[in-house]
Amino acid sequence: ALFIIFPGWFGSSLGRIVQYDRAFAAERMLTLDVQPGDIEVVRGQPVTITVRATGDRVDRVVLNTRPDGRIDFEPTELSDTSAQGGTGTGVFTAQLPPVKSTTDYYASAGETESRKHTITVVDRPIVKSFRLSVTPPAYTRLPERTLDENVGDVAALTGSTVRVELGASKEVASAQLVFHDSVVVGMTAEGDRISGSFRVRRPDSYRFRLEDNEGLTNPDPIDYTVRSVPDEYPMVEIATPGKNLDIAENSPVNLVLKIRDDYGFSRLRLHYRMEHSRYEQPAKDYTSIEVPLGRS
């Protein structure tokens with residue numbers, strides 16, 4: 001009765017019983033091995049899938065993929081393009097486009113399916129936003145100024161301190177300011193909040209370097225410029241008398257001095273010496289006196 005109902009199953013078994021003195025080769029079962037299996041990739045990275053078919057020969061294999069958010073698998077038919085003259089290697093490849101989300105995948109051929117695998121997408125850390133504040137040298141008595149958000153180009157007096165407050169897209173393990181002249185300044189990272197500072201010393205450029213706990217760094221960092229603005233030298237002019245004079249002994253000389261500087265003065269000193277006299281030797285060294293400065 002079983003033979004009548006399932007002739008395909010029991011027919012081959014009955015044949016082997018009848019032909020008991022004959023050797024039968026073991027049937028070859030089709031198996032599909034998929035590489036690279038379960039992997040982690042950086043978002044936007046392409047992935048090559050290789051399917052190796054062993055056992056029964058197949059000419060076509062279907063790669064089934066399902067990104068996060070999809071319900072059904074999307075099939076893509078693969079051909080053994082190496083097959084020539086009716087024979088092939090049984091190796092099938094597919095190049096997935098840049099992967100943007102975690103994706104499940106498996107291969108199938110007829111009723112045979114491979115194990116299901118997952119491509120897990122991980123993100124690199126990126127700079128979401130930052131803000132710079134510039135503190136000029138104390139002698140200028142200028143106030144601190146804050147630049148607009150995400151403005152990284154700096155023009156400041158030599159000696160100014162630039163403080164950086166930065167927000168990253170994810171928690172980072174370390175952060176640095178990398179300058180064009182190979183100087184690296186470490187920053188303090190607390191989760192996704194980062195802070196640091198540097199001193200303006202010369203014209204230069206810099207970039208932010210972030211590294212997360214998996215060792216991934218921020219891609220394509222932007223270079224920002226630092227322009228060092230020099231402090232101009234103070235200028236002094238003797239407006240009166242403004243020329244050489246011959247004076248009698250003990251005669252007073254009224255002086256009018258004009259001084260200017262871009263950030264003011266802290267001290268003014270007058271140096272003088274006797275250059276020529278009938279009654280005594282000229283002075284070798286200058287004598288100095290402090291000149292009071294008016295405060296505006």
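Residues numbered from 1 in each chain as written. Predicted model: local features only at pLDDT ≥ 70, side-chain atom pairs only at ≥ 80, totals over all residues. Heavy atoms only, no water.

Chemist: Sorry if this is basic, but what is going on with the pattern of salt bridges here?
Modeler: This structure, assessed with the given rule, holds 11 salt bridges. D104 is paired through a salt bridge with R66; the nearest N and O atoms lie 3.3 Å apart. With D104 in strand β7 (residues 103-109) and R66 in strand β4 (residues 60-67), this pair connects stretches of sequence that are 38 residues apart. Between E290 and R269 there is a salt bridge; the shortest N-O distance is 2.7 Å. Here E290, found in strand β22 (residues 287-290), pairs with R269, found in strand β21 (residues 269-272); they are 21 residues apart in sequence, far enough to count as distant. A relative accessible area of 44% means that E290 is categorised as partly exposed. (Salt bridge = Lys/Arg side-chain N within 4 Å of Asp/Glu carboxyl O. Helix = DSSP H or I, 4+ residues; strand = E, 2+ residues; numbered from the N terminus. Buried < 20%, exposed > 50% of the residue type's maximum accessible area, 1.4 Å probe, protein only.)

Chemist: Just checking my understanding: could you explain the side chain of T65 for this structure?
Modeler: Mapped onto the fold, T65 is located in strand β4. With residues near it in sequence (within four places) discarded, T65 still touches D72, F73, E74, L96, T103, D104 and Y105. (Contact = heavy atoms within 4.5 Å.)

Chemist: What should I look at first to understand the environment of L210 in this one?
Modeler: Relative to the helices and strands, L210 resides in strand β17 (residues 204-211). Along the chain, L210 and S174 lie 36 residues apart, while their C-alpha atoms are 6.1 Å from each other. Aside from chain neighbours lying at most four places away, what touches L210 is P125, I126, V127, L166, A168, V172, S174, A175, I194, L216, T217 and N218.

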